[in-house]
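Structural characterization, general
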Amino acid sequence: MTVIALRNATKRFPGTGGQPHTAVRDLTFEVAAGEFVAVVGPTGCGKSTTLSLVSGLEPASSGEVEVDGAPVRGIPDGVGYMFQADAVMPWRSVIDNVAAGPRYRGLSKAEARTRAMVWVERVGLGPFAGYYPHQLSGGMRKRVALAQTLVNEPRILLMDEPFSALDVQTRQLMQDELLRLWQGTGAAVIFVTHDLEEAIALADRVVVMTSSPATVKAIFDVPLQRPRQVEEIRMTPEFVATYREIWESLRDEVARARQEVSRVG
Amino acid sequence: MSAELTAAPAVSIPTTKKTIHRRTRLWSVRLVFVVVWLGSWELAATHWIDPFFYSKPSAIGERLAGWFTTGTAFGSVWTQLLVTLEEAVLGFVIGAVAGVVLGILLGRARFVAEVAAPFIKAANAVPRIVLASLFIIWFGLGLTSKVATAVVLVFFAVFFNAFQGAREVDRNLVDNARILGASRRQVLTSIVVPSATSWIFASLHAAFGFALIGAVVGEYAGADKGLGLLIANAQGTFDAAGIYAGMIIITVVALLAEWLLTLLENRLLRWRPPVRTSGEQRA
Ligand SMILES: Nc1ncnc2c1ncn2[C@@H]1O[C@H](COP(=O)(O)OP(=O)(O)OP(=O)(O)O)[C@@H](O)[C@H]1O
Ligand SMILES: [Mg+2]
């Protein structure tokens, strides 16, 4: 069943000097319930913008964005969105940050905290529950954000480079943890990353975007069994073959983006 | 699971021998400075300059002692102090509450803020201290006119900071809260107000000083009680020592209030990393 659908979705921002700046154009792809889709593309091409369209934080300039078969107007029900930038509340301790969602949705303080504590422990921050964000490392703050998002049990999970600030070991741990937590929830996931290995290891399909203004260049199926162990799967021949195939497509876009940057800057 | 939480470790400065030594030296230098300053003033006023105009530390001390033992020309000095305090505290509370509420609301309402911008700019450019005289005509010599002066001074100081604080709220935080399920009201109370708190506190420090100035200037312009009246009376009788004595009392009150506010701020803003913020204000 299709949960997220983009049809020729285009987003233009008011640019400098009156000329509208097209961030993404003619995006078309779908995500089904229980499906994990990774989005890769060169930096600045419009990946975050794509997520903001699905989340309802930004309206599309033209084309259609649908969630659960209805056009997106405002934030759809059941959306969880982990931002690329830090978005934890500095004045709340770890546990109260994680409890924010349940509190907003009407749970009592005690209930919300009980629920939050489960997630604080799942992301490995149990001993730091009473700490304020400024007392945590950047990677720990990312994990707070992850727990904050997952505690709401979203049916639609949007993640914008959630693990890019983590060290390699923690990242693998979190990737495995994410797969474990997501499996069987039936949530539709769009996972933005600049790390192609991560995209293949996690996703059922990988969407490759062109350089700015982005559109969908190609969509690849990932022929890997689930459940997966992220570190083991990287060595398999299927993984390597898939990586080669997708990189072939992505490489041109990265090169083009680089040329454009050097031309502009 | 219980709601028992690990308390975040308090950030404390280790008091080693070296820091104690440093602190002792700091305070001794300060003490020497005060002694030299007051000593040279006393000496100069005794031998070279006219103490009638410039007074001298011993005369000021005598005046203060006199006020606190036998009282002033208008009764007990405590009565004067309490009257001024009452006016200042009332003015501070009313002005601060109005400033915070209006500042935050206007800070979040783009259109209204744009409509109001030129009027606010104009109101801020008015020399507000002059309003003290107008308020005496409107409200008479009693409490109300002094409170009104204090309110006007406090309001603008707090208003601008609350307004700015509400505008500078991190877009990401607001978006994140909305995604997590916050209603407009919840965004206001859980994101906007806490974000603006450091801004507001930066202004509150200066604002109590303004409240005192407002009360004293109001009394100075016309009153039958208060520290401002003592100072006005001292001026009328060419009593320089009396002016200084009044100044000292007001300074001590302002320092005490500042200390209380800092305590409250440290309690409310525990989450902040240990750095200093500063707010520039003008009267
Ligand atoms: N609010 C906005 N106003 C104007 N332009 C914007 C806005 N948000 C994004 N853009 C522009 O849209 C383009 C795509 O931005 P976006 O953040 O979606 O890129 P991205 O693919 O997520 O990049 P990265 O990989 O670096 O995170 C950029 O050129 C950016 O300048
Ligand atoms: Mg991005």
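This structure is a prediction, so every number in the text was calculated from the model and none was measured.

Here we come to the overall build of chain B. Within chain B, the regular secondary structure consists of eleven helices and zero strands. Of the regular secondary structure in chain B, the N- to C-terminal order runs α-α-α-α-α-α-α-α-α-α-α. At 24 Å, chain B has a C-alpha radius of gyration far larger than the 19 Å of a compact globule built from 283 residues. Its C-alpha atoms give chain B principal-axis dimensions of about 75 × 60 × 35 Å. Put simply, 76% of the contacts in chain B that link residues at least 6 apart link residues at least 24 apart.

Take the coordination of the magnesium ion (ligand 2) next. Residues and elements named next belong to chain A. Of the protein atoms, only S48 (OG) and Q84 (OE1) coordinate the magnesium ion (ligand 2), at distances of 1.9 to 2.2 Å. With S48 in helix 1 (residues 47-55) and Q84 in the loop between strand 6 (79-82) and helix 2 (94-98), this residue pair connects regions lying 36 residues apart in the sequence. On the accessibility criterion, S48 (29% relative accessible area) is partly exposed. The exposure class of Q84 is partly exposed, given its relative accessible area of 40%.

Okay, unusual backbone geometry next. In this chain, S212(A) is followed by P213(A) through a cis amide linkage whose omega measures -10°. Along the polypeptide, P213(A) turns up in the loop between strand 9 (205-209) and strand 10 (216-221). For S55(B), which is not a glycine, the phi torsion comes out positive at approximately 55°. Relative to the elements of secondary structure, S55(B) occurs in the loop between helix 2 (51-54) and helix 3 (57-69).

Residue and element names in this part refer to chain B. Following the criterion strictly, the structure yields 21 aromatic pairs over all chains and no others. Ring geometry for W41 versus Y244: centroids 5.3 Å apart, planes at 65°, classification edge-to-face. Here W41 is found in helix 1 (residues 17-47), whereas its partner Y244 is found in helix 11 (residues 240-268), with 203 residues between them in sequence. An aromatic cluster is defined as three or more aromatic residues linked by ring pairs; in this entry it consists of F155, F156, F159, F160 and F163.

On the UniProt side, "domain: ABC transporter" (unreviewed entry) is annotated at positions that read residues 4-236 of chain A here. For residues 4-236 of chain A, helix accounts for 31% and strand for 27%, while the C-alpha atoms at its two ends are 31 Å apart.

Turning our eyes to something else, we now look at the domain arrangement of chain A. Residue and element names in this part refer to chain A. Split by domain assignment, chain A resolves into domain 1 (1-78 + 155-234) and domain 2 (87-153). Taking only C-alpha atoms, the centre of domain 1 and the centre of domain 2 are 24 Å apart. The interface formed by domain 1 and domain 2 holds zero salt bridges in total. Summed over the shared surface of domain 1 and domain 2, the result is zero residue pairs in polar contact (both at pLDDT 80 or more). Every element with two or more residues in the side of domain 1 that touches domain 2 is listed here: strand 7 (156-160) and helix 6 (168-182). Of the residues assigned to the side of domain 1 that touches domain 2, the class counts are eight nonpolar, one polar and three charged.

This part is about the packing of helix 4 (residues 77-108) of chain B against helix 5 (residues 110-125) of chain B. Residue and element names in this part refer to chain B. Remark: helix 4 packs on helix 5, axes separated minimally by 6 Å, with the N-to-C direction vectors making an angle of 120°. Relative to helix 5, helix 4 is oriented oblique. Contacts between helix 4 and helix 5 involve L106, G107 and R108 from the former and R110, V112, A113, A116 and I120 from the latter. By residue class, the composition of the contact of helix 4 with helix 5 is five nonpolar, one polar and two charged.

Looking now at helix 3 of chain B. All names here are of chain B. Counted at 1.5 Å a residue, the expected span for helix 3 with its 13 residues is 18 Å, and the 18 Å between its end C-alpha atoms agrees. Looking at helix 3, one finds that the buried residues are P57, I60, L64 and W67. All buried residues of helix 3 lie within an arc of 90° about the axis, which places them on one face of the element. Exposed residues pointing more than 90 degrees away from the buried face of helix 3 are listed as E62 and T69. Where helix 3 is buried, its residues contact helix 1, helix 4, helix 10 (227-236) and helix 11. Two residues or fewer past helix 3, G71 is found with a positive phi of approximately 95°.

Attention now moves to the UniProt feature "transmembrane region" (unreviewed entry) in chain B. All names here are of chain B. Under the present numbering, the feature "transmembrane region" (unreviewed entry) in UniProt falls on residues 27-49, 88-107, 187-217 and 243-264. Strand forms 0% of residues 27-49 and helix 91%; the C-alpha atoms that close the span are 30 Å apart. Taken as a whole, residues 243-264 contains 100% helix and 0% strand, while its terminal C-alpha atoms sit 32 Å from one another.

Our focus in this paragraph is the pattern of salt bridges. Residues and elements named next belong to chain A. Inspection of the entire model under this criterion finds 18 salt bridges over all chains. Where R7 meets E66, a salt bridge forms, and the shortest distance between an N and an O atom there is 3.5 Å. Taken together, the positions of R7 in strand 1 (residues 2-14) and E66 in strand 4 (residues 62-67) put the pair 59 residues apart, joining distant regions of the chain. What makes R7 partly exposed here is its relative accessible area of 32%. When its relative accessible area of 16% is taken as the criterion, E66 is described as buried. Of the charged contacts, one joins E253 and R256 as a salt bridge, the two residues approaching to 3.5 Å between their closest N and O atoms. One end of the pair, E253, and the other, R256, are both in helix 9 (residues 237-264), three residues apart, so they sit about a helical turn from each other. We classify R256 as partly exposed; its relative accessible area is 39%. Taken together, the salt bridges that share partners define one network made up of K217, D252, E253 and R256.

Definitions and cut-offs
- Residues numbered from 1 in each chain as written.
- Chains lettered and ligands numbered in written order.
- Predicted model: local features only at pLDDT ≥ 70, side-chain atom pairs only at ≥ 80, totals over all residues.
- Heavy atoms only, no water.
- Helix = DSSP H or I, 4+ residues; strand = E, 2+ residues; numbered from the N terminus.
- Rg over C-alpha atoms; globule rule 2.2 N^0.38 Å.
- Contact = heavy atoms within 4.5 Å.
- Donors = N, O, S within 2.8 Å, 3.2 Å for Na, K, Ca; no water.
- Buried < 20%, exposed > 50% of the residue type's maximum accessible area, 1.4 Å probe, protein only.
- Phe/Tyr/Trp six-rings, centres within 6.5 Å; stacked < 30°, edge-to-face > 60°.
- UniProt positions renumbered as here; feature names shortened; annotations may be inferred.
- Domains from an automatic or database assignment.
- Salt bridge = Lys/Arg side-chain N within 4 Å of Asp/Glu carboxyl O.
- Polar contact = N/O pair within 3.5 Å; in protein donor to acceptor, adjacent residues only side chain to side chain.
- Nonpolar A, V, L, I, M, F, W, Y, C, P; charged D, E, K, R; others polar.
- Axes fitted to C-alpha atoms, helices over the stretch in contact; angles between N-to-C directions.
- Parallel < 35°, antiparallel > 145°, perpendicular 65-115°, else oblique.
- Expected span 1.5 Å × (residues − 1).
- Arc of directions from axis to C-beta.

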